[in-house]
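Working through the structure, step by step
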Amino acid sequence: MTTESLSTLIARVRDCRLCADHLPLGPKPILQVSEHAPILIASQAPGTKAHTSGQTFLDASGDRLREWLAVSADQFYDPRRFAILPMGMCYPGRLPQGGDRPPRPECAPRWRSEVLSHLRSVRLTLLVGSYSQVHVLGRGRMTERVYHYRDYLPSYFPLPHPSWRTGGWEKRNPWFRDDVIPALRMIVHDLINAAPRC
Ligand code: SF4
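What you are looking at is a predicted structure, and each value in this text was computed from that prediction instead of being measured. (Residues numbered from 1 in each chain as written. Predicted model: local features only at pLDDT ≥ 70, side-chain atom pairs only at ≥ 80, totals over all residues. Heavy atoms only, no water.)

**A few points about helix α5 (residues 107-116)**
We apply this condition: Buried residues are those whose accessible area, probed at 1.4 Å on protein chains only, stays under 20% of the maximum for their type, while exposed residues exceed 50% and partly exposed ones sit between those limits. For the purposes of this entry, the term helix denotes a DSSP run of H or I that reaches at least four residues, the term strand denotes a run of E that reaches at least two, and both are numbered from the N terminus. The arc under discussion is defined with respect to the helix axis, by the directions toward the C-beta atoms. Note on contacts: a residue pair qualifies if any of its non-hydrogen atoms lie within 4.5 Å across the two residues.
Among the residues of α5, Cys107, Ala108, Trp111, Arg112 and Val115 are the ones counted as buried. Buried residues along α5 cover an arc of 110° about the axis, so they all sit on one side. Away from its buried face, by an angle of more than 90 degrees, α5 presents the exposed residues Pro109 and Ser113. Among the structural elements, α1 (6-14), β1 (39-42) and α6 (130-137) are those in contact with the buried residues of α5.

**Here's the deal with unusual backbone geometry**
Proline 154 follows leucine 153 through a cis peptide bond whose omega is 5°. Located in the positive-phi region is phenylalanine 57, a residue other than glycine, with phi close to 60°. Mapped onto the secondary structure, phenylalanine 57 falls in the loop between α2 (48-53) and α3 (60-69). One non-glycine residue, alanine 70, adopts positive backbone phi at about 60°. Its location among the elements puts alanine 70 in the loop between α3 and α4 (73-76).

**Focus on the pairing of β1**
Spelled out, the test is: Two strands form a pair only when DSSP identifies at least two bridges running between them.
Residues of β1 alternate between two faces, with Ile39 and Ile41 on one and Leu40 and Ala42 on the opposite face, all of them buried. Looking at chain direction, β1 and strand β2 (residues 82-84) are connected through 3 bridges and run parallel. Among the inter-strand pairings, isoleucine 39 is bridged to a residue of β2, identified as phenylalanine 82. With 4 bridges connecting them, β1 and strand β3 (residues 124-128) associate as parallel partners. In the sheet register, leucine 40 faces β3, and the bridge partner there is threonine 125.

**Some words on the sheet that holds strand β4 (residues 156-159)**
Backbone-to-backbone hydrogen bonds pair the strands of a sheet. The strands run either parallel or antiparallel. So the rule is basically this: Only the stretch in contact is used when fitting a helix axis, every axis being a line fitted to C-alpha atoms; angles between N-to-C directions are given from 0 to 180 degrees.
On the basis of which strands lie adjacent, the open sheet formed by 4 strands has the order β2-β1-β3-β4 and parallel pairing. What marks the edges here is a single partner per strand, and that holds for β2 and β4. Taking each pair of neighbouring strands and ignoring which way they run, the sheet shows an average axis angle of 20°. The strands touched by helix α9 (residues 175-194) within the sheet are β1, β2, β3 and β4, with β4 carrying the most contacts at an inclination of about 140°.

**Overview of the nonpolar core**
The criterion, for reference: Buried residues of nine kinds, namely Ala, Val, Leu, Ile, Met, Phe, Trp, Tyr and Cys, make up a nonpolar core once their side-chain atoms join them within 4.5 Å.
Ranked by size, the top nonpolar core spans 28 residues in total, and within it Ile41, Leu69, Phe76, Leu126, Phe176 and Leu184 carry the most contacts. The element that contributes the greatest number of residues to this core is α9, accounting for 9 residues. Here phenylalanine 76 is in contact with Gln32, Ile41, Phe57, Leu65, Arg66, Leu69, Val71, Phe82 and Ile84, once residues within four sequence places are set aside. Of all hydrophobic cores here, the second largest spans 16 residues; its members include Leu9, Val33, Leu85 and Met89.

**Observations regarding the site of the ligand**
This is how it is decided: By convention in this text, a residue qualifies as near a molecule or strand provided that one of its non-hydrogen atoms is within 4 Å of it. A cavity here means a set of points on a 1 Å grid, drawn over the protein atoms and nothing else, where a 1.4 Å probe fits but cannot get out; a pocket is an open set with protein on both sides within 12 Å along at least five of seven lines, and a residue lines either one if it has an atom within 4 Å of a point. In this scheme, a molecule is assigned to a cavity or pocket if more than half of its atoms are within 2 Å of the grid points. Note on residue categories: nonpolar means Ala, Val, Leu, Ile, Met, Phe, Trp, Tyr, Cys or Pro, charged means Asp, Glu, Lys or Arg, and polar means any other residue, Gly included.
The immediate surroundings of the ligand are formed by Cys16, Leu18, Cys19, Leu23, Pro29, Cys90, Cys107 and Trp111. Mapping the ligand onto the cavity grids shows that it belongs to the largest cavity. Grouping the constituent residues of the shell around the ligand by class yields 8 nonpolar, no polar and no charged.

**Details of the packing of α1 against α5**
Helix-helix packing: each pair is described by the crossing angle between the helix axes and the interaxial distance. What counts here: Our angle categories are set so that under 35 degrees counts as roughly parallel, over 145 as roughly antiparallel, 65 to 115 as roughly perpendicular, and the remainder as oblique. Crossing handedness: left-handed means the near helix sits turned counterclockwise from the far one by under a right angle, and right-handed means the same turn made clockwise.
Interhelical geometry of α1 versus α5 gives an angle of 165° and a closest axis separation of 11 Å. It follows that α1 is roughly antiparallel to α5 by the angle criterion. Where α1 crosses over α5, the handedness of that crossing is left-handed. In this structure, α1 contributes Leu9, Arg12 and Val13 to the contact, and α5 contributes Arg110, Trp111, Glu114 and Val115. Of the residues assigned to the contact of α1 with α5, the class counts are 4 nonpolar, no polar and 3 charged.

**A closer look at the UniProt feature "domain: Uracil-DNA glycosylase-like" (unreviewed entry) in the chain**
How we decide: UniProt positions are given in the numbering used here, feature names are shortened, and annotations may be inferred rather than shown by experiment.
The feature "domain: Uracil-DNA glycosylase-like" (unreviewed entry), as given by UniProt, occupies residues 30-185 in the numbering adopted here. End-to-end, the C-alpha atoms of residues 30-185 are 25 Å apart, and along that stretch the chain is 40% helix and 10% strand.

Right, dumping it as structure tokens:
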């Protein structure tokens, strides 16, 4: 049982320089946590916009994710409703061939368990993208996991990463709109509507 407060832990996270030598813009851990959120978004890693603003999903990917969830930005950025903990909390840089690098591998082993031990109200974790799915569920195919989302309820809900590439994936997999999204919205809204208002 931890005796450290969440705010003290967050202050330690924000001082982290564990993989600073690998971060082109330097360490700037980005997370949104509270002890009250019923939903945890286990995402990948911040992009450059998040690094600059200090707020994750403040971009087209965030717009897509909020549309999937049918929540407003105010609801999404309310830590009493949503906790957001990327698998790598600092911007990891770009790949030579384009796209962002994967989350830094040092981050989840160093911090994830400690932070999660404070998130006592979480009832559902949205596994957004393959990195969080592999971390929690082991190796497997993202599309199959999303299709079989019922197998992971009530604790987890696997989702694709909501990047622009997902537009083509959605077209190829119409069941996502027809079946998965309505179920996702119903579960999410039940949880956030039941969350206490502090
Ligand atoms: S990515 Fe994680 S481990 Fe690396 S410096 Fe940032 S907070 Fe620390």
